[in-house]
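Descriptive analysis of the structure
One letter stands for each residue in the lines below.
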Amino acid sequence: MKLSWLSVALLGAGAANALDVISVKGNKFFDSKGKQFFMKGVAYQLTPADPLVDAEQCSRDATLMKTLGANTIRVYHVDPKADHSKCMATFADAGIYTLIDLDTFDTYILPNDPWWNQTQHDRYAEVMDAFIDFNNVLGFFIGNEIIAMANQSQVAPFIKSATRDMKAYRDKKGYRKVPIGYSAADIAELRPMLQDYLTCGGREADNVDFFALNSYEWCDKTTYAVSGYANLQKTAENFPVPIFFSETGCNVPGPRLFDDQEAIFGPEMVNDWSGSIVYEWIEEANHYGLISYGPKVEPTVTGKNIEGGFTRAGTPQPVTPDFENLRSKWATITPKGVASSDYTPTDLSTRACPTSTKDGWLINGNVALPTVGETFQGTFTPTPTANPSDTGSAASPSSTKNPAPPNKEIAGMSIGLVGVMLIFTLWL
Ligand SMILES: *[C@@H]1O[C@H](CO)[C@@H](O)[C@H](O)[C@H]1NC(C)=O
Ligand SMILES: *[C@@H]1O[C@H](CO)[C@@H](O)[C@H](O)[C@H]1NC(C)=O
């Protein structure tokens, strides 16, 4: 029957757009029907290269992610010039949203020698241009762990400048208001100053649309109170924008039980947090993988799709028992949240811009943000238009608990990234 072929084709074509667009209201995510959206996510970066270009690989992975119960992936590096349409459609068909980092290896903001210039601006904009039309883009990151050590908070105003300029670019182009936020390392001395700073000052146009934390505080078996999550919750209460875990899933001692998912979606946290991204999809030397594409080999072995001792493409096989532990955990967790129509975000609390602390928060109050092209001069001038209520508040770290961040591999944060960049530099 002719019609059935046509409708199948139409279904296929329309499917990429079939996923509801997610948007922000208050400190929560909602789909277009007004249902609150909670992230059950996975970090997805197989090599330093863009993982959203190989349609067959995306399809194999998306199928198993659906089995896992994931509804979001986080991708750290993409190539804006590549064609992402097939992978994005495949993930949309599997009910999976994407969080995309706007920065790439040669554009990210440097913590010790910060600047934000037109070249970076234009390269970030290219990534936005490449992804903005996909309905299943949930958000963009302005950076991942740009601040990787307690003494690097001087770069925070540059993070805010980049956010301001990319939000302005998005709005000037008339694009969908895809939220733009930051993914922070979990550094006790800078908590909660960084999250407060990125949302303070009273100018919504300068502030992140969401704040996300890479946190490995919860190591099974533990509890809400002992893990450190109770402290994270304290500073997230009534936060002015959505807050979620952009990496989580401590793997010591193992196996991973993912009990933190019960806390994140449980009564203490579910009103303030929008879920989490579990680190990570592929098994690498750091042993955070939920799947592997083949047995580990010697790091010196080379071959098709083999890098750093691991096969990085093929048919994903669940890592036992971690994959099943997460699958069964997520299967029992179905947070209802609040309906958009029943939700009036009146009790949100925007904190004042924090004053500097001797422990490492180096930004004193609501400083003037760097303009495009500005390089760090060693100080920040106070903003001339400071709102008296935003001139600073004495904040103190909410917790001293801060296990060393895991040693990241090819995917993920700055430490891994610096290593990869070194390798690239040596090759050149
Ligand atoms: C931005 O900074 C980089 C690194 O210093 C430089 O290569 C580039 O030319 C700068 N762009 C502009 C527009 O000045
Ligand atoms: C920041 O701390 C690291 C490690 O403790 C140290 O190596 C680095 O020199 C410090 N940087 C500054 C600017 O003080």
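Description of the structure in this document.

Calculation rules
The numbering scheme is per chain: residues are counted from 1 as the chain's sequence reads. Chains and ligands are labelled by the order in which they are written, letters from A for the one and numbers from 1 for the other. Local features in a predicted model are, by the rule used here, given only for residues with pLDDT of at least 70; side-chain atom pairs are given and counted only at 80 or more, and totals for whole chains, interfaces and linings are based on all residues. Going along the chain from the N terminus, every DSSP run of H or I of four or more residues is numbered as a helix, and every run of E of two or more is numbered as a strand. Exposure classes come from backbone-placed C-beta atoms, where a residue is buried if 20 or more other C-beta atoms lie within 10 Å of its own, exposed if 12 or fewer do, and partly exposed in between. Contact between two residues is assigned whenever their backbone-derived C-beta positions fall within 7 Å. Note: two strands are recorded as paired if DSSP finds a minimum of 2 bridges between them. Geometry is summarised by axes, namely lines fitted to C-alpha atoms with helices restricted to the contacting stretch, and by angles between N-to-C directions that run from 0 to 180 degrees. Roughly parallel means an angle under 35 degrees; roughly antiparallel, over 145; roughly perpendicular, 65 to 115; everything else is oblique. Crossing handedness follows the turn of the near helix against the far one: under a right angle anticlockwise gives a left-handed crossing, and clockwise gives a right-handed one. Each residue gets one label: Ala, Val, Leu, Ile, Met, Phe, Trp, Tyr, Cys and Pro are nonpolar, Asp, Glu, Lys and Arg are charged, and the others, such as Gly, are polar. Defined on buried residues, the nonpolar core groups Ala, Val, Leu, Ile, Met, Phe, Trp, Tyr and Cys residues joined through C-beta atoms within 7 Å. Viewed with both strands pointing away, a crossover whose connecting path from the first strand over the helix to the second turns clockwise is right-handed. Directions pointing from the helix axis toward each C-beta atom define the arc.

1. Some thoughts on the overall build of the protein chain
The secondary structure content of the protein chain amounts to eleven helices and 17 strands. Residues classed as buried in the protein chain amount to 47% of the 428 residues present. A separation threshold of at least 6 residues defines the contact pool for the protein chain, and within that pool the share at least 24 residues apart is 80%.

2. Looking at the sheet that holds strand β11 (residues 243-248)
Ordered by their spatial adjacency, eight strands build a closed barrel running β4-β5-β6-β8-β9-β10-β11-β12, and the pairing between neighbours is parallel. Recorded for the sheet is a direction-independent mean angle of 25 degrees between the axes of neighbouring strands. Relative to strand β9 (residues 180-185), strand β8 (residues 137-144) runs parallel, the two sharing three bridges. Residue Asn144 lies in a different strand from β9, and its bridge partner there is Ser183.

3. What about the pairing of strand β10 (residues 210-214)?
Sheet faces and side chains relate simply in a regular strand, where the side chains alternate between the two faces. Burial analysis of β10 places five of its five residues in the buried class, which makes it a mostly covered element. A two-sided burial pattern is seen for β10, the buried positions comprising Phe210, Ala212 and Asn214 on one face and Phe211 and Leu213 on the other. In the sheet, β10 pairs with β11 via four bridges, with the strands oriented parallel. If you follow Leu213 over to β11, its bridge partner there is Phe245.

4. Overview of the packing of helix α2 (residues 55-68) against helix α3 (residues 85-93)
Interaxial distance between α2 and α3 falls to 9 Å at its minimum, and their mutual angle equals 15 degrees. Judged on the interaxial angle alone, α3 and α2 are roughly parallel. Considering the relative orientation of α2 and α3, their crossing is right-handed. Residue-level contacts link Ala55, Cys58, Ser59 and Ala62 of α2 to Lys86, Cys87, Thr90 and Phe91 of α3. For the contact of α2 with α3, the class distribution of residues is five nonpolar, two polar and one charged.

5. Some details on α3
Of the residues making up α3, those classed as buried are Cys87, Met88, Ala89, Thr90, Phe91 and Ala92. Just beyond α3, the residue with positive phi is Gly95, at close to 75 degrees.

6. Digging into the environment of Ala49
Counting through the fold element by element, Ala49 comes out in the loop between β4 (39-43) and α2. Considering only alpha carbons, one finds Ala49 and His77, 28 residues apart in sequence, at a separation of 6.6 Å.

7. Regarding the nonpolar core
By size, the foremost hydrophobic cluster in this structure holds 106 residues, and its most contacted members are Val42, Phe91, Ile100, Leu102, Ile147, Ile159 and Tyr182. Apart from the residues within four sequence positions on either side, Tyr182 is in contact with Phe141, Ile142, Gly143, Ile159, Leu198, Val208, Phe211 and Ala212.

8. A word on the pairing of strand β5 (residues 72-75)
Every second residue of β5 is oriented toward a common face, with Thr72 and Arg74 on one face and Ile73 and Val75 on the other, all of them buried. For the crossover that starts at β4, traverses α2 and ends in the parallel β5, the hand is right-handed. Judged from the four bridges that link them, β5 and strand β6 (residues 97-101) form a sheet pairing that is parallel. The partner of Val75 across the bridge, within β6, is Ile100.

9. Digging into helix α10 (residues 322-331)
Taken together, the buried positions of α10 are occupied by Asp322, Phe323 and Leu326. Down the axis of α10, the sector holding all buried residues measures 105 degrees, keeping them to one side. In this structure, α10 carries Ser328 and Ala331 as exposed residues pointing more than 90 degrees from its buried face. On its buried face, α10 sits against α2, β12 (273-278), β13 (291-292) and β16 (317-318).

10. A closer look at the environment of Ala285
The topology assignment puts Ala285 in the loop between β12 and β13. Residue class for Ala285 comes out partly exposed when judged on the 14 C-beta atoms lying within 10 Å of it. Taking C-alpha positions, Ala285 is 9.5 Å from Pro299, a pair spaced 14 residues apart along the chain.

11. Some thoughts on the sheet that holds strand β3 (residues 36-37)
Spatially, the three strands line up as an open sheet ordered β1-β2-β3, and their pairing is antiparallel. Strand pairing shows two members of the sheet lacking a second neighbour, β1 (23-25) and β3, which therefore form its edges. Pairing of β1 with strand β2 (residues 28-30) involves three bridges; the strand directions are antiparallel. Among the inter-strand pairings, Ser23 is bridged to a residue of β2, identified as Phe30.

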